[in-house]
Amino acid sequence: MSLEAEIYEAAGKEFNIGSPKQLGVVLFEDLKIDEKPKKTKSGQYSTNEETLQKYADHPIVGKLLDYRQISKLKSTYVDSLPDLVNKRDDRIHTTYMQAVAATGRLSSQNPNLQNIPIRTERGRAVRKAFIPTDGDHIILAADYSQIELRIMAELSGDKGMLDAFEAGEDIHAATAARVFGVKPEDVSREMRSKAKVVNFGIIYGISAFGLSQRIGVPRHEAAELIENYFEQYPDVKAYMDKSIDGAREKGYVDTVMQRRRYLPDINSKNGTVRGFAERNAINAPIQGSAADMIKMAMIQIGKAMDDAGLKSKMILQVHDELVFDAVKEELEPLKEMVEKLMRNAMPSLNVPIKVDMDTGENWLEAH
DNA sequence: CGTGTCACG
DNA sequence: ACGTACGTGACACGT
C-alpha cells in the first residue's frame, strides 16, 4: 500500500496531507491524539516535525513524517532541479546575492544551492547528483572547521577557548569537560552532545529556556550549564556584554572587516523586541566575520587560480565551504592553494584556523 | 500574499 | 507576565 493510502487509512478518511490546516484537524479533532494541542501564532494546530515527534507512538505519525520528508525532497529538488539545467552548458547555475543577508553572508537563489540536502539518507541521494564535468575532473570540497567558535574565541580573546583550539582539541568535548566538571577522558557522548548544543546556543545568544527545550533538561539545569559555561569561558561572557553595550551606544555592531549591522531596536522598551536585537548584537559580528573571512579567501583563491593558469573552477560557496570542479591533474597544487588561502584569508588572527578538504566523484563523496 | 513547514550553514 | 537561539530560500496551501 502507498504511504498516502496508509495515512488515509490511519486517519479514517482522505484529506490533503500537504495542508497543515487539514492535517491539524485530522490529528487533533478526528483522532484526538492530544487533549491540549500546541498551536501556532495564528491559532492553527502545530504539526511540525518537533510537535509530531511527541506522538511517535501513534501509528500515523511515522508515516506522516516519512511522507513530509519525501514530498519536501521531491518538490524542492527532484522535480525542480532538472528544469533548471541550462541548455547551453548542461549545468545548473545559481544566483548569489551579496546584499540580502543582514550579516554579510551570501544568499543563493533560483535555485538555492546552499540548502542541498545532506542530513538524511534520502537527502544524500540528491547531493550525489552533483558531479564533476567529466572523467578528467573531480569534486573538491574545502570547509572551515568550527569557524564561528574560532571567531568567537578570537573576538573575545578567551584564554581557555583559545588554548583548546591551539591544542587541537575537540572543542565540544573540551567544553563538556569544563561545564560538567569532569576529566576530558570522562566526557560521555551525551555530555559532548549537550555541550555542542550549548556552544551553538552561545553564538546565537542563548536563553536558559531555549537551551532547556533543545537538550530536554529542566530550565534550572540549563541555567546552571550556561552559568558554568560563562565561569569557564569568562571572556566570552565579557565579550557578549561588550557587544550589546557597544550596540546601545553606537546603534550598530560590526565585523572584523568593519561591516556594520544596524540595530535600531537595541534600546526598545519592549523586552521581546530588545531581546532580538541583543541576540543579533551577539551573533552578527561572529556570523558576519566568518562571512568576511570566506569572501576574502574566495577573492584570493580566484586570483591565485587565475595567476597559476589553472583550469579548475570554483563553483559553489556554502557559508563555510567552497566547492571546486577540479581538473585531476591540478588537484595537488589546487588543494595546497585552497587550504593555505582559506587558512590565511585574514592575517593576524590569534586563533588557529582549520580547513578540512576532501575529494569525490560527487559532492556527497567529497564530504 | 501570508502562513506553515523544512532544506541548509 | 511575556517570549524565548542566528542567518537564509522554496514549496504547498488557502485566501
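This text goes with the structure placed above it.
Here we summarise the structure given alongside this text.

Here the focus is the layout of surface pockets. The computed volume of the largest pocket comes to approximately 1400 Å³. Counting residues per element, the ones that place at least two in the lining of the largest pocket are α4 (59-78), α5 (121-127), β3 (137-144), α6 (147-156), α9 (189-204) and α13 (271-307). For the lining of the largest pocket, the element with the highest residue contribution is α4, accounting for eight residues. Looking at side-chain class alone, the lining of the largest pocket contains 15 nonpolar, twelve polar and 13 charged residues.

Here we come to unusual backbone geometry. With an omega of 0°, the peptide bond between Asn110 and Pro111 qualifies as cis. By the secondary structure assignment, Pro111 is in the loop between β2 (107-109) and α5. The phi dihedral of Asp90 is positive, around 65°, even though this residue is not glycine. With respect to the element layout, Asp90 can be found in the loop between α4 and β1 (95-97). Look at Gln146: it is not a glycine, yet its phi comes out positive at around 50°. Topologically, Gln146 is positioned in the loop between β3 and α6. When its relative accessible area of 29% is taken as the criterion, Gln146 is described as partly exposed.

As a further point, take the side chain of Glu148. Within the element layout of this structure, Glu148 appears in helix α6. When neighbours within four sequence positions are excluded, Glu148 is seen to be in contact with Arg105, Ile203, Ile286, Gln287 and Ala290.

This part is about the protein's contact with DNA strand B. Neighbouring DNA strand B are 22 residues, the closest being Thr40, Ser42, Thr47, Ile118 and Asp320. Each atom of DNA strand B within 4 Å of the protein was classed as base or backbone; sugar and phosphate made up 75%. Within the backbone of Asn48, a nitrogen or oxygen atom sits 3.3 Å from a phosphate oxygen of DNA strand B. Between DNA strand B and Arg105, the relevant distance is 3.1 Å, taken from a base nitrogen to a side-chain nitrogen or oxygen of the residue.

Here we come to the pairing of β3. Along β3, eight of the eight residues are buried, which leaves the element largely enclosed by surrounding structure. Residue alternation in β3 divides its side chains into two sets, His137, Ile139, Ala141 and Asp143 and Ile138, Leu140, Ala142 and Tyr144, and both sets are buried. Where β3 meets strand β7 (residues 321-327), seven bridges bridge the pair, whose relative direction is antiparallel. The partner of Ala142 across the bridge, within β7, is Leu322.

Right, let's get into the environment of Ala304. Within the element layout of this structure, Ala304 appears in helix α13. Along the sequence, Ala304 and Leu341 sit 37 residues apart, while their C-alpha atoms lie 9.0 Å from each other. If we skip the residues at most four places from it in the chain, Ala304 touches Met337 and Leu341.

So, how was this worked out
Residues numbered from 1 in each chain as written. Chains lettered and ligands numbered in written order. Predicted model: local features only at pLDDT ≥ 70, side-chain atom pairs only at ≥ 80, totals over all residues. Heavy atoms only, no water. 1 Å grid on protein atoms, 1.4 Å probe; cavity = no way out; pocket = protein on both sides within 12 Å on 5 of 7 lines; lining within 4 Å. Points joined across faces, edges and corners; volume = space filled by probe spheres on them. Helix = DSSP H or I, 4+ residues; strand = E, 2+ residues; numbered from the N terminus. Nonpolar A, V, L, I, M, F, W, Y, C, P; charged D, E, K, R; others polar. Buried < 20%, exposed > 50% of the residue type's maximum accessible area, 1.4 Å probe, protein only. Contact = heavy atoms within 4.5 Å. Near = heavy atom within 4 Å. Polar contact = N/O pair within 3.5 Å; in protein donor to acceptor, adjacent residues only side chain to side chain. Pairing = 2+ DSSP bridges.

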